[in-house]
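Spelled out from the first residue to the last, the chains are:
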Amino acid sequence: MSEHDDAEQLQAPDEPAEARWKETLSALFANRLAAAGVVVLALLILSALLADVVAPYAFTDDDLTRRLEPPSAAHWFGTDELGRDVFSRVLFGARVSLQVGAVAVGISLVLGTLIGLISGYRGGWTDIVLMRAMDVLFSFPVVLLAIAIVAVLSPSLTNTMIAIGVVFTPIFARVVRGSVLSVREEVFVRASRSLGASDWRIISRHVLPNVAAPVIVQTSLSLAFAILTEAALSYLGIGVQPPRPAWGLMLLDAQGFIATGEWWMSIFPGLAIFITVASLNLVGDGLRDALDPKQRSIIQSRGVT
Amino acid sequence: MRWRSPLALLALLALIAAACDGGEAVDVDDPTGEDVTDETVDDDPDPDDDVEEDAATGGTLIAAIGGDPDQLDPHTTTSSFAFTVLENVYDTLVQPGDDLTPEPALAESWETSDDLLTWTFTLRDGVTFHDGSALTADDVVASFERIAEEGQNAFRLDAVDSFAAPDDTTVVMELNRPAPNLLDQVGAFKGMAIVSAAAIEDGTVGDEPNGTGPFSFVSFSPGDNVVLEANPDYWGEGPFLDGIEFQVIPDESVKVTNLETGEVDWIDSVPPQQIDQLEADPDIEMSQVAGNDYWYLSLNNAREPFDDVDVRRAIAFALNIDDITEAANFDAATPNETAIPETSFWFLDYAPYGHDPDQAQALLDDAGVSDLTIDLMVTNEFPETVTAAQVIASQLGEVGIEVDIRIEDFSTWLAEQGDGNFDAFALGWLGNIDPDDFYYAQHHSEGVNNFQGFADDEVDELLDAAREETDEDARKALYDQAATRIVDLASYIYFYNPDILEAWSPEVQGYETRPDVATRFATTSLG
């Protein structure tokens, strides 16, 4: 009982969680670019979720009599080589991209955080073995490793997500381990350990909250790279399989029609990738500034003046 | 193309030198020219004049091919890219002429015994291999024995019991049954190439191609290029070129762009959507020839429910091959429910399916099949299959069949096909001539390419009989019956015969696109 109270006391200097969140958000929105990124992302997520309702056509709705038509009132982004509506396919493509991004980064977030925590907190041999394993994974070029994994597992949406998740795991493991190493030696952690707090309690109450900031920033940046990687894999024909629309796959199809002037087939999926990745990066940058105590005080002081 | 840019650079250097040295250009750049261009440009001492000189004397043709030859052994490869190259390196005993009937090549003449079981070939005099050794009957016998033992094309020699070389210029084949199509089989394409007996003994057939063709092998850098040079001792007309460089350019649009900008002189295929654009381009010769290729869908008879002929027929009824053809090839193909194109003597006018989803549904209901999901295997190396697969998926969706499209790279694709690891696949067969090529290996229950596991006694009997039938009309009647049954039982579901599309720069003279896709550059020149 007394043990518990001591720990609470030691944590007391920290602000209440709710207030911290509000502050972070207002700091984030103070950055206009990041705010724009958040808005665009929200729109993307919304349209991906509502693609069934919003899209004027089904993504497999082919009609050879209307193939390769330029943008018009009926087909805002034109039609592709099978007469399918490019606008609808870009919308459904958003669903694929965001899903792959979320699940893949989810996988690497959980795995990487776990490995990083164990590695950083335990230290010693555990640390050496785990981190060298991560180094091996990390030494492969990201896309190459993803290709290898997909090639072994056979190409599909699920395997693409697994491959990207595995490839991004070392990044999270490193970020988390680095933070854990510094937090582990902080006075308040040592104090609670000396008071007999269990490892689990120390990790969940003290270490995790203090490594959250870099992990959150890394998550939003990794989302961008995961979506890019998925587009690359699909473009190479080993990611998402047709007729399911993915932006990379649409670019692959469009490639044969660049020379003949069907620009809409490549421009719109390309723009979609660009906008998504750019806004994720903006949000990531904004989050990094907002979560960094030094930067935060600068932002706040700027907000005051 | 490799050498042209350094050459342009040299010309530029020469100009600069001229400007600096006040007219001493020739003296200054001469030695440089020798050093840098020695390997690629003849012995011409003055690099400044090379471009014009080459145009007059031959020059090197830069040909773009869509993929790497997997190997350069004509007897074991099945890659069309390998044959695009090897067509110019090797010869066969006889070869398909302009009308695709066999004409003399390494064999000058041949005779058949009265019982049709002994064939005697007389070889052309004075033919030498690229290494200088003379072609003898022993080389021919050794080549055929190698093909019969380990080649992809052993089935073409099924009818032959023994090969003999009684003297240096005579080859005798003893047959176990009459084979009216023997010439078509031994000379179908360069997969039946005559290689030297010494190379077979040394095991160097694949590494150091040594043929009798118009061009000899210089080098092969996988992923980059294959270089050939002219064979001055070639027995036939030509070659007029100094050499050929086959550049590997997998991307179709890059290939076309390189032709437009003059980086390459010839390309081995044209995306069908770009036909109109290239035909309108005065700087490009676009060639479109009705070919003997065909594309098809095959269902795995070893798996349920595709062992049920009604299910296979239902799928045939549900598909609209006009749409598949249009989607995959625009106007550059002819829909056909059988294999052999209408330009051929062996064409069979038979189209029992059409597009009839109601009939398809009825057949599926009768067979008691519902909630069917098909694993359809296609490959990006042949992008038309990926396009076709999406149309197939949408058409079969109308009768409640779900299609999972699986794109594999071609080598994996071939392995999966060999293992029977598929519900269905879509692909094509290229460069067939004799009707036996179209049907036997694919649909005979013991055919080497019968990956779908189709087995029908009547088809077997018809194909066996047709092989031996010497009367052409009777033979056609047998193949018509066999083809009818193959179509009715949906061993393959045939889609279309595509046109063969090639393009080249107007400088390329004396080249013709052939319906059997043989790329012969012997009489080609750059002018």
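Scroll up a little and you will see the structure.
Residues numbered from 1 in each chain as written. Chains lettered and ligands numbered in written order. Predicted model: local features only at pLDDT ≥ 70, side-chain atom pairs only at ≥ 80, totals over all residues. Heavy atoms only, no water.

(A) Layout of the side chain of Gln-255 of chain A. Following the sequence through the fold, Gln-255 of chain A ends up in helix 11 (residues 247–255). Here Asp-251 of chain B takes part through its side chain, which lies 2.3 Å from a polar atom of the side chain of Gln-255 of chain A. If near-sequence neighbours (up to four positions away) are discounted, Gln-255 of chain A is found in contact with Tyr-235 of chain A together with Asp-251 and Ser-253 of chain B. (Helix = DSSP H or I, 4+ residues; strand = E, 2+ residues; numbered from the N terminus. Polar contact = N/O pair within 3.5 Å; in protein donor to acceptor, adjacent residues only side chain to side chain. Contact = heavy atoms within 4.5 Å.)

(B) Here's a closer look at the interface of chain A and chain B. Every contact between the two is made by 20 residues of chain A and, on the other side, 19 residues of chain B. Between chain A and chain B lies a buried interface of about 1,700 Å² when both sides are counted; carbon and sulfur atoms form 54% of it. Of all residues in chain A, Leu-64, Arg-67 and Pro-242 of chain A bury the most surface against chain B, accounting for 28% of the area lost on that side. Linking chain A with chain B are one salt bridge. Where Glu-326 of chain B meets Arg-67 of chain A, a salt bridge forms, and the shortest distance between an N and an O atom there is 3.1 Å. In this assembly, chain A and chain B are joined by seven residue pairs in polar contact (both at pLDDT 80 or more). Residues that form the side of chain A that touches chain B fall into these classes: ten nonpolar, six polar and four charged. (Buried area = accessible area lost by both parts, 1.4 Å probe. Salt bridge = Lys/Arg side-chain N within 4 Å of Asp/Glu carboxyl O. Nonpolar A, V, L, I, M, F, W, Y, C, P; charged D, E, K, R; others polar.)

(C) View of the environment of Ala-441 of chain B. Residue and element names in this part refer to chain B. The topology assignment puts Ala-441 in helix 15 (residues 435–443). Judged by relative accessible area, which is 3%, Ala-441 ranks as buried. Separated by 286 residues in sequence, Ala-441 and Phe-155 place their C-alpha atoms 7.8 Å apart. Not counting the four nearest positions on each side in its chain, Ala-441 is found in contact with Phe-155, Asp-436, Gly-447, Val-448, Asn-449 and Asn-450. (Buried < 20%, exposed > 50% of the residue type's maximum accessible area, 1.4 Å probe, protein only.)

(D) Representation of the nonpolar core. Counting 74 residues, the largest nonpolar core has Leu-297, Ile-315 and Tyr-439 of chain B as its most contacted members. The element best represented in this core is helix 13 (residues 383–397) of chain B, accounting for seven residues. Those residues in contact with Tyr-439 of chain B that lie beyond four places of it in its chain are Ala-339, Ile-340, His-444, Leu-463, Tyr-479, Ala-483, Ile-486 and Tyr-494 of chain B. The next biggest cluster of nonpolar side chains, apart from the first, holds 33 residues, and it includes Ala-104, Leu-157, Val-183 and Val-215 of chain A. (Core = buried A, V, L, I, M, F, W, Y, C linked by side-chain atoms within 4.5 Å.)

(E) Up close: the packing of aromatic side chains. Residue and element names in this part refer to chain B. Per the stated rule, a full pass over the model turns up 31 aromatic pairs over all chains. Aromatic side chains Phe-317 and Tyr-353 sit 5.0 Å apart centroid to centroid with 85° between the ring planes, which places their arrangement in the edge-to-face category. Of this pair, Phe-317 sits in helix 10 (residues 309–318) while Tyr-353 sits in the loop between strand 14 (333–335) and helix 12 (357–367); the two residues are 36 residues apart in sequence, bridging distant segments of the chain. We note that Phe-317, like Tyr-353, is buried. (Phe/Tyr/Trp six-rings, centres within 6.5 Å; stacked < 30°, edge-to-face > 60°.)

(F) The environment of Asp-167 of chain B, seen in detail. Residues and elements named next belong to chain B. Among the secondary structure elements, Asp-167 is positioned in strand 6 (residues 160–167). Judged by relative accessible area, Asp-167 falls into the partly exposed class, the value being 37%. Separated by 29 residues in sequence, Asp-167 and Asp-138 have C-alpha atoms that sit 8.5 Å apart. Within the structure, Asp-167 has its side chain in polar contact with the backbone nitrogen of Thr-169 (distance 2.8 Å). Here Thr-170 takes part through its side chain, which lies 2.9 Å from a polar atom of the side chain of Asp-167.

(G) Molecular detail of a nonpolar patch on the surface. Residue and element names in this part refer to chain A. A cluster of nonpolar side chains, contributed by Ile-45, Leu-46, Leu-49, Leu-50, Val-53 and Val-54, occupies part of the molecular surface with about 570 Å² of accessible area. Looking at the nonpolar patch, the elements that each hand over two or more residues are helix 3 (32–49) and helix 4 (51–54). Take Val-53: it is sitting in helix 4. The class for Val-53 is exposed, based on a relative accessible area of 68%. (Patch = residues over 30% accessible without salt bridge, like charges linked within 9 Å, V, L, I, M, F, W, Y side chains within 5 Å. Areas by Shrake-Rupley, 256 points an atom, 1.4 Å probe, with all protein chains shown as cover.)

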